[in-house]
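# Analysis of the macromolecular model
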Amino acid sequence: MPIYQLKITLDEIRPPIWRRVLVRGDITLLKLHKIIQAVMPWDDYHLHQFIVGDTCYSIPLPDDPLPRDVKNETRVRLSKIAPTEKVEFVYEYDFGDSWLHEILVEKILPPDPSLKHPVFLAGKRLQPT
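Let us look at the structure shown here.

About the thresholds
Residues numbered from 1 in each chain as written. Predicted model: local features only at pLDDT ≥ 70, side-chain atom pairs only at ≥ 80, totals over all residues. Heavy atoms only, no water. Helix = DSSP H or I, 4+ residues; strand = E, 2+ residues; numbered from the N terminus. Rg over C-alpha atoms; globule rule 2.2 N^0.38 Å. Buried < 20%, exposed > 50% of the residue type's maximum accessible area, 1.4 Å probe, protein only. Contact = heavy atoms within 4.5 Å. Areas by Shrake-Rupley, 256 points an atom, 1.4 Å probe, with all protein chains shown as cover. Polar contact = N/O pair within 3.5 Å; in protein donor to acceptor, adjacent residues only side chain to side chain.

### Some words on the overall build of the chain
Looking only at helices and strands, the chain has two helices and eight strands in total. When its helices and strands are written in sequence order, the chain yields β-β-α-β-β-β-α-β-β-β. At 14 Å, the chain has a C-alpha radius of gyration in line with the 14 Å of a compact globule built from 129 residues. In the chain, buried positions account for 42% of the 129 residues. A separation of at least 24 residues holds for 62% of the contacts in the chain among residues at least 6 apart in sequence. Only carbon and sulfur atoms are counted for the fraction: they give 54% of the accessible area of the chain, which is about 7,500 Å².

Right under this line is the structure:
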């Protein structure tokens, strides 16, 4: 499975807060959520969603007070929403504060069985508190 190099940047923060990671292309969006939580690092106390074009991916809640058309992130793989390099999409964490993260697929690399994934490559600054 190809390896994705992602740059995750917290939107509207200057100087930028960002992380660069390597992940397998076949991970689910739920797994990507957990990776983002770990590398930023957030505490995973709040709701989240991925926004790709006009489509939202999250964990649908049957008792959601604001029903939305949400696709189940546990069934969608990164390679499906980002099949090529330079694809960008959004990860929103904490709907109250609305922390938007721009995710850029910088590179898609050939498989490397010697690497254990995910791999944290680089980053700058801590998340806001």
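### Thoughts on the environment of Asp69
Considering the arrangement of structural elements, one finds Asp69 in the loop between strand 4 (55-58) and strand 5 (70-72). When the C-alpha atoms of Asp69 and Cys56 are compared, they prove to be 7.2 Å apart, with 13 residues separating the residues in sequence.

### Topic: the side chain of Gln5
Relative to the helices and strands, Gln5 is located in strand 1 (residues 3-10). Side-chain polar atoms of Gln5 contact the side chain of Glu106, separated by 2.8 Å. Apart from residues lying up to four places away in sequence, Gln5 is in contact with Arg20, Val21, Leu22, Leu104, Val105, Glu106, Lys107 and Leu121.

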